[in-house]
Amino acid sequence: MTVTFPLTEKRDAETLLKHLTLHNLSVPGNCVVSLKAHVAQVSSSHTTALGTARTAW
């Protein structure tokens, strides 16, 4: 599953990685993060954790 996370000044890539860790998702352990200009695409087979992380973002 791949989910898009919007990035802003307050919610940057570093903040996203910390947020994913809170939901038991880690790079490169069980997810992959691709950074674009204003979004990050996160892919993982752990769909429940990824969906919960996106909702909480």
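Conventions we followed
Residues numbered from 1 in each chain as written. Predicted model: local features only at pLDDT ≥ 70, side-chain atom pairs only at ≥ 80, totals over all residues. Heavy atoms only, no water. Pairing = 2+ DSSP bridges. Helix = DSSP H or I, 4+ residues; strand = E, 2+ residues; numbered from the N terminus. Axes fitted to C-alpha atoms, helices over the stretch in contact; angles between N-to-C directions. Contact = heavy atoms within 4.5 Å. Core = buried A, V, L, I, M, F, W, Y, C linked by side-chain atoms within 4.5 Å. Buried < 20%, exposed > 50% of the residue type's maximum accessible area, 1.4 Å probe, protein only. Salt bridge = Lys/Arg side-chain N within 4 Å of Asp/Glu carboxyl O.

J.: Looking at this model, I keep getting lost on the pairing of strand β2 (residues 32-35). Mind explaining?
T.: Pairing of β2 with strand β3 (residues 39-43) involves 4 bridges; the strand directions are antiparallel. The residue of β3 that forms the bridge with L35 is A40. The turn joining β2 and β3, which pair antiparallel and follow one another in sequence, is formed by 3 residues.

J.: Explanation requested: the sheet that holds β2 in the structure shown.
T.: Think of a sheet as strands paired side by side through backbone hydrogen bonds, with each pair either parallel or antiparallel. Across the sheet, 3 strands lie side by side as β1-β3-β2; this open sheet has antiparallel pairing. Because the sheet does not close on itself, it has two edges, and the strands there are β1 (2-6) and β2. The sheet shows a mean angle of 25° between the axes of neighbouring strands, direction not considered. Of the strand pairs in this sheet, β1 and β3 are connected by 5 bridges, and their pairing is antiparallel. If you follow F5 over to β3, its bridge partner there is A40. Helix α2 (residues 47-56) rests against β1 and β3 of the sheet, and its axis sits at about 20° to β1.

J.: Just to check I follow, could you spell out the nonpolar core for this structure?
T.: Most often, soluble globular proteins have nonpolar side chains that are buried together. Listed in full, the 12 residues of the largest apolar core are V3, F5, L7, L16, L20, L25, C31, A40, V42, L50, A53 and W57. Elements with a minimum of two residues in this core: β1, α1 (13-22), β3 and α2. Residues within four places of C31 in sequence aside, it is in contact with L20, L25, S26, V42, S43 and S44.

J.: What's the story with the side chain of H19 in this structure? I'm lost.
T.: Inspection of the secondary structure puts H19 in helix α1. When near neighbours in sequence (up to four residues on either side) are disregarded, H19 contacts A53, A56 and W57.

J.: Would you explain the pattern of salt bridges in this entry?
T.: Scanning the entire structure with this criterion turns up 1 salt bridge. A salt bridge links K18 to E14, with the nearest nitrogen and oxygen atoms 3.5 Å apart. Taken together, the residues K18 and E14, both in helix α1 and 4 residues apart, mark about one turn of the helix. No difference in accessibility class separates K18 from E14, as the two residues are exposed.

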